[in-house]
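Fold and contact review
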Amino acid sequence: MFGTFFVLNSLFFKITLLFYLGGTLLFLSFLAGRREKLSRSSLWVTGIGFIFHSTALILRWTEAGYFPLTNMHEATSFFSWALILLFLVIEYKYRIFILGSFILPLAFIFLISSAMLPNNIKSLDPILQSKWLYIHTTLSLLGIVAFAMAFVTGFLYLIQERILKSKKFNTLYFKLPSLDLLDDLNQKSISIGFPLLTLGIITGAFWAEYAWGSYWNWDPKQVFSFITWLFYLTVLHGRLTVGWRAKKAAYLAIIGFIGVIFTFVVINFIVKGLHTFV
């Protein structure tokens, strides 16, 4: 019975890859051309892929007997799933088709990375058998997803700002939303991501105390997560009090997400510590 779940999970995961690849190609075609119908087709393909992805996650959860967030294969897959979910929510509310031309490639890259990592389901180590692990990991990953959206909207802001400055109003200009909307989405994304990251760090401290007997162990990922938290605290404070907006906020969102990826991926594989998982 459980073997069947694993086979179905693997099958649905591969189908998800195909649909996300299709969605990526359609969105990029929409970005490069003038065929508006591609935007709707790409949304349908992405939506179907998301359904398969959700089913794959549920099947893996059923097979494993625990929430699948205990290794990098599961974490990157969950990140990709949550990023698509956030995109679909924003798309439903704001109708920003072009956002998919940047979100889908990012989600697909993470899902491809997940496919390249070991996907065996193993019995949980006693140190992982804690509710704090799932709470901490889920909150942290959702925070990263919000920062990814801030990164994309910041990048789009810089593109639109450059087009306006050059006064070369090409096809891309008419596909991009206004600077005010992009800046607003940037701020909202960081405003959502920061408390999620904060809660992720706090619950991570509780998990560390449960697993290693200390709330803080100077683990590399703990240290860099705290540095990331300080960076976004500064960005959010600057936005709310000093008035950091527009181009400065866009650049900061891009820099912050690069730091997040460094902490989430590079530190995990290169710097070995108590907090490392594969």
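All chains use their own residue numbering, which begins from 1 and follows the written sequence. Reporting of local features is limited, given that this is a predicted model, to residues whose pLDDT is at least 70; pairs of side-chain atoms are given and counted only at 80 or more, and all residues count toward the totals for whole chains, interfaces and linings. By convention in this description, side-chain values take in all heavy atoms of the structure and omit both hydrogens and water.

Quick notes on the overall build of the chain
Numbered from the N terminus, helices here are DSSP runs of H or I no shorter than four residues, and strands are runs of E no shorter than two. Check the secondary structure of the chain and you find nine helices and zero strands. The secondary structure elements of the chain, listed N-terminal to C-terminal, are α-α-α-α-α-α-α-α-α. Here the globule rule reads 2.2 Å times residues to the power 0.38, and the radius of gyration is calculated from C-alpha atoms. For 278 residues, the compact-globule formula gives about 19 Å, and the C-alpha radius of gyration of the chain, at 19 Å, lands near that figure. Once the C-alpha set of the chain is aligned to its principal axes, its extents read approximately 60 × 45 × 30 Å. Relative to its 278 residues, the chain shows a buried fraction of 51%. Residues count as neighbours in contact if any of their non-hydrogen atoms are within 4.5 Å of one another. The contacts in the chain between residues at least 6 apart in sequence include a share of 79% that link residues at least 24 apart. Within the structure as shown, the chain displays about 13,600 Å² of accessible surface, and the carbon and sulfur contribution to it stands at 71%. Summary of the burial criterion: residues with accessible area below 20% of their type's maximum are buried, those above 50% are exposed, and those between are partly exposed, where the area comes from a 1.4 Å probe applied to protein chains only. Using a 1.4 Å probe, accessible areas were evaluated by the Shrake-Rupley method; residue-level cover was limited to the displayed protein chains.

Section: a nonpolar patch on the surface
To count toward a patch, a residue needs a relative accessible area over 30% and no salt bridge; like charges are then connected within 9 Å, while nonpolar side chains (Val, Leu, Ile, Met, Phe, Trp, Tyr) are connected within 5 Å. Should a side-chain nitrogen of Lys or Arg be within 4 Å of a carboxyl oxygen of Asp or Glu, the pair is scored as a salt bridge. On the surface, a nonpolar cluster with roughly 880 Å² of combined accessible area is contributed by Leu199, Ile202, Phe206, Tyr215, Trp216, Trp218, Phe226, Leu230 and Leu233. Of all the secondary-structure elements, those providing two or more residues to the nonpolar patch are helix H7 (179-212) and helix H8 (220-242). Along the chain, tryptophan 218 turns up in the loop between H7 and H8. For tryptophan 218, a relative accessible area of 65% puts it in the exposed group.

A few points about the pattern of salt bridges
Scanning all chains against the criterion turns up five salt bridges. Measuring nitrogen to oxygen at the nearest pair gives 3.6 Å for the salt bridge that ties lysine 247 to glutamate 161. Placement of lysine 247 in helix H9 (residues 246-270) and of glutamate 161 in helix H5 (residues 131-166) is noted, with a sequence separation of 86 residues between them. Take lysine 247: its relative accessible area is 30%, and that puts it in the partly exposed class.

Examining the environment of arginine 60
Note on placement: arginine 60 falls in helix H2 (residues 37-64). With 166 residues separating them along the chain, arginine 60 and phenylalanine 226 place their C-alpha atoms 31 Å apart. When sequence neighbours within four positions are dropped, the list of residues in contact with arginine 60 reads Phe6, Asn9, Pro68, Asn71, His73, Glu74, Asn119, Asn120 and Ile121.

Digging into the packing of H7 against H9
Across the interface, H7 lies against H9 with an axial gap of 10 Å and an inter-helix angle of 45°. By the angle class used here, H7 and H9 are oblique. Of the two elements, H7 crosses H9, and the hand of that crossing is left-handed. Two secondary-structure elements touch here, H7 through Asp183, Asn186 and Ile190 and H9 through Ala246, Ala249, Ala250 and Ala253. For the contact of H7 with H9, the class distribution of residues is five nonpolar, one polar and one charged. Helix axes are fitted only over the stretch in contact, all axes being lines through C-alpha atoms; the angle between N-to-C directions runs from 0 to 180 degrees. In these notes the angle categories are as follows: under 35 degrees is roughly parallel, over 145 is roughly antiparallel, 65 to 115 is roughly perpendicular, and the rest is oblique. Each helix crossing is assigned a hand: it is left-handed if the near helix lies turned anticlockwise from the far helix by less than a right angle, otherwise right-handed if that turn is clockwise. When residues are sorted by character, Ala, Val, Leu, Ile, Met, Phe, Trp, Tyr, Cys and Pro go into the nonpolar class, Asp, Glu, Lys and Arg into the charged class, and all the rest, Gly among them, into the polar class.

Remarks on unusual backbone geometry
Positive phi values are uncommon outside glycine, yet arginine 95 reaches one of about 55°. Position of arginine 95 relative to the elements: it lies in the loop between helix H3 (72-94) and helix H4 (100-116). On the basis of relative accessibility, which here comes to 51%, the residue arginine 95 falls in the exposed class. Unlike most non-glycine residues, alanine 246 shows phi in positive territory, near 55°.

Some thoughts on the packing of H4 against H5
Between H4 and H5, the least distance of the axes is 10 Å, while the angle of their chain directions is 140°. Compared by their axis directions, H4 and H5 come out oblique. Remark: the crossing between H4 and H5 carries right-handed chirality. Residues Phe102, Ile103 and Leu106 of H4 lie in contact with H5, whose contacting residues are Ala148, Met149, Val152, Phe155, Leu156 and Ile159. For the contact of H4 with H5, the residue count by class is nine nonpolar, no polar and no charged.

Here's the deal with the side chain of asparagine 186
Position of asparagine 186 relative to the elements: it lies in helix H7. Each residue touching asparagine 186, except ones within four places of it in the same chain, is listed here: Ala150, Thr153, Gly154, Arg239, Ala249, Ala250 and Ala253.

Re H7
Spanning 34 residues, H7 covers 47 Å between terminal C-alpha atoms, matching the ideal 50 Å at 1.5 Å per step. Immediately beyond the C-terminal end of H7, within one or two residues, lies glycine 213, with a positive phi of roughly 80°. One less than the residue count of a helix, multiplied by 1.5 Å, gives the span that helix is expected to have.

Structural notes on the packing of aromatic side chains
Two aromatic rings are characterised by how far apart their centres lie and by the angle between their planes. Between the rings of Phe, Tyr and Trp (Trp by its six-membered ring), a pair exists once the centres lie within 6.5 Å; its type follows the angle of the planes, with under 30 degrees stacked, over 60 edge-to-face, and the other angles tilted. If you walk through the whole model with that rule in mind, you get 20 aromatic pairs. When the centroid spacing of 4.8 Å and the interplanar angle of 50° are considered together, the rings of phenylalanine 169 and tyrosine 173 count as tilted. Of the residues examined, phenylalanine 169 reaches a relative accessible area of 44% and is grouped as partly exposed. Exposure remark for tyrosine 173: the relative accessible area of 23% places this residue in the partly exposed category. Whether a charge sits over a ring depends on NZ of Lys or CZ of Arg being within 6 Å of the ring centre and within 35 degrees of the ring normal. The ring of phenylalanine 30 carries lysine 175 above its face, with NZ or CZ at 4.5 Å from the centroid.

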